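A structural walkthrough
Read off the chains here:
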Amino acid sequence: MQRHLISAADLTRDDAVLILDTAEEMARVADRPIKKLPTLRGRTIVNLFFEDSTRTRISFEAAEKRLSADVINFTAKGSSVSKGESLKDTAQTLEAMGVDAVVIRHGASGAPYRLANSGWIDAAVINAGDGTHQHPTQALLDAFTMRRRLIGRDAGLGKDLSGRRITIVGDVLHSRVARSNVDLLHTLGAEVTLVAPPTLVPVGVETWPCEVSYDLDSVLPKSDAVMMLRVQRERMNAAFFPTEREYSRRYGLDGERMAKMPEHAIVMHPGPMVRGMEITAEVADSERCTVVEQVANGVSIRMAVLYLLLGGNEPAVTHARTNEEK
Amino acid sequence: MDKHVSPANPPASDARPVLEGPDIARVLTRIAHEIVERAKGADDVVLLGIPTRGVFLAQRLAVKLEQITGRKIPVGSLDITMYRDDLRMHPPRALARTEIPGDGIDGRLVVLVDDVLFSGRTIRAALDALNDIGRPRAVQLAVLVDRGHRELPIRADYVGKNLPTSLRETVKVQLAEEDGRDTVLLGVKQTDQ
């Protein structure tokens, strides 16, 4: 029985809808004076961050604490990892401490999979972003935000995103957010279109369950949600586009472009936003932009995932297929 | 995972009804009158049903209380799943809805409503959940059926029917809103479970 969350592609439609529905109930806890549930009392969760991430780490930490788990934060900087300790040794140390779950962020694609399947550790493993591979809880919180905005908070319960058209724009090549979203949105029945400069489209994209376009303006009028990606300069070791100005002109979202979107359509961004580059301040601050909601929804989604993986004697989430079968 | 599927044992085929539709209506009317009497007019009463069937019972009680007092009685639901003491003994359950009426429960008389009172553990969890939501003036408990076998020092303030059972028996409440008809069935537990 799988009890990890490594990839958005592992989730069945029913699992994904169960997570979204559970998150809807978790969101109600945030409205209470005491934002805490006793559900994971006595369980220990380690946030194992080999790569910097303030947003994701605090989001997981808030979710863990709201469920009353004991939380240990581990950042690679200044730890034994910087002295040369391997992932295996770190894992065995955590195992010896009796950890129930490990939330791992790693610069190398596949590190969470290795941790979950190596036999080094017995804990549940939750991928909080690995290299350019996957970031499943980000995809879940994005889907949650879309379902809430496009269908409605209560009206969306039990529903997927069938027939909705989602456009993902920008640096797809370096984006685990794009990969996870394509997988999950496809599972949930949405039609996904990727829009990017040809140099930022990954090799093998034709096998992904989505369309690819190089022209943002033609896709905008038929989009229910437009997700802007951050241009990940730190992962770019070569020139992928001539100038920032040219990128902005062709793939940036400004007020004029936003006006081409249908009335109900929303603008999303996983953050952190680079204002002026992929998104203008006018769009970022508009009513249609869901960036702040996405952050709040992230805590609800992570509470739901932690509850469903750790709340019982066995996880409620079954997986569509094991990673070996892929 | 369907949250409406009760994890309780299904009633045996030879289950016999101990309360029928008219009995349930009569019992709820009596409980409503008892609430008004004990709460001296039910001015500050808030009804909170425990999902699934407790919520329907709470809604029906609210209608009856309104008929008696002429005032609208706030009614909500309180899911206790996250507060259960046996969470780690089963796979996680899908969560049901917690809906607290707009004015909250601070300083109010909260009447918890459930279909069957058995071990008392559900009510213990409900009291914990209430603690996180606010500070009621007092908490009372109304149940349709009290089948005994308490494992905690908990008793109901309003009981529709006391039903002495053996642990080999099952009590299944069916309500029109969920099951298409109103009845309380007493059956014998299937041995192959």
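Counting from 1, residues in each chain are numbered in the order their sequence is written. As a convention, the first chain written is A and the first ligand written is 1, with the rest following in written order. Selection of residues for local features in this predicted model requires a pLDDT of at least 70, selection of side-chain atom pairs for listing and counting requires 80 or more, and totals for whole chains, interfaces and linings are taken over all residues. Computation of side-chain values covers all heavy atoms of the structure but excludes hydrogens and water.

Time to look at the sheet that holds strand S4 (residues 109–117) of chain B. Residue and element names in this part refer to chain B. The five strands are arranged S3-S2-S4-S5-S6 in an open sheet whose pairing can be described as parallel. The sheet is open, and its two borders are formed by strand S3 (75–77) and strand S6 (158–162), each paired with just one other strand. Recorded for the sheet is a direction-independent mean angle of 25° between the axes of neighbouring strands. Note on contacts: a residue pair is in contact if any heavy atoms of the two residues lie within 4.5 Å. All axes here are fitted lines through C-alpha atoms, helices being fitted over the stretch that makes contact, and every angle between N-to-C directions spans 0 to 180 degrees. Helix numbers and strand numbers start at the N terminus; a helix is a DSSP run of H or I with at least 4 residues, a strand a run of E with at least 2. Here helix H1 (residues 21–38) sits on the sheet in contact with strand S2 (45–49), S4, strand S5 (138–146) and S6, set at roughly 150° to S6. Its contacts with the sheet put helix H2 (residues 53–69) on S2, S3, S4 and S5, and the angle it makes with S4 is roughly 130°. When DSSP locates at least two bridges between a pair of strands, those strands are taken to pair.

Before going further, it helps to spend a moment on the UniProt feature "binding site: L-aspartate" (unreviewed entry) in chain A. Residue and element names in this part refer to chain A. UniProt positions are given in the numbering used here, feature names are shortened, and annotations may be inferred rather than shown by experiment. UniProt records the feature "binding site: L-aspartate" (unreviewed entry) at Lys83, Arg176 and Arg230, using the numbering of this structure. Those residues in contact with Arg176 that lie beyond four places of it in its chain are Glu51, Arg105, His106, Gly129, Asp130, Gly131, Thr132, His133, Gln134, His135 and Arg235. Its location among the elements puts Arg230 in the loop between strand S8 (225–228) and helix H8 (244–251). Relative accessible area decides the class of each residue, using a 1.4 Å probe on protein chains only: under 20% of the type maximum gives buried, over 50% gives exposed, and in between gives partly exposed. Since its relative accessible area comes to 21%, Arg230 is described here as partly exposed. Among all residues touching Arg230, those that are not within four sequence positions of it are Asp171, His269, Pro272, Val274 and Glu278.

Let us now look at the sheet that holds strand S9 (residues 266–268) of chain A. All names here are of chain A. The strand order S7-S6-S5-S8-S9 describes an open sheet built from five strands, whose pairing is parallel. The sheet terminates laterally at strand S7 (211–213) and S9, the two strands that pair on one side only. Along the sheet, successive strands turn relative to each other by an average axial angle of 20°, direction set aside. The pairing of strand S5 (residues 165–169) with S8 spans four bridges and is classified as parallel. Of the residues in S8, the one forming a bridge with Ile168 is Met227. Running over the sheet, helix H6 (residues 176–187) touches S5, strand S6 (191–195) and S8 and is turned about 170° from S5.

Moving on: the UniProt feature "domain: Phosphoribosyltransferase" (unreviewed entry) in chain B. Here, UniProt's "domain: Phosphoribosyltransferase" (unreviewed entry) annotation points to residues 19–162 of chain B. Helix and strand shares over residues 19–162 of chain B are 33% and 23% respectively, and the end C-alpha atoms of the span are 11 Å apart.

This paragraph deals with the pattern of salt bridges. All names here are of chain B. When a carboxyl oxygen of Asp or Glu is within 4 Å of a side-chain nitrogen of Lys or Arg, the pair counts as a salt bridge. Under the definition given, this model contains 35 salt bridges over all chains. Taking the shortest distance from any N to any O, the salt bridge between Arg71 and Asp43 comes out at 3.0 Å. On the criterion of sequence distance, the pair formed by Arg71 in the loop between H2 and S3 and Asp43 in the loop between H1 and S2 is long-range, its members being 28 residues apart. By relative accessible area, which is 30% here, Arg71 ends up partly exposed. Between Lys72 and Glu66 there is a salt bridge, with the nearest N and O atoms lying 3.6 Å from each other.

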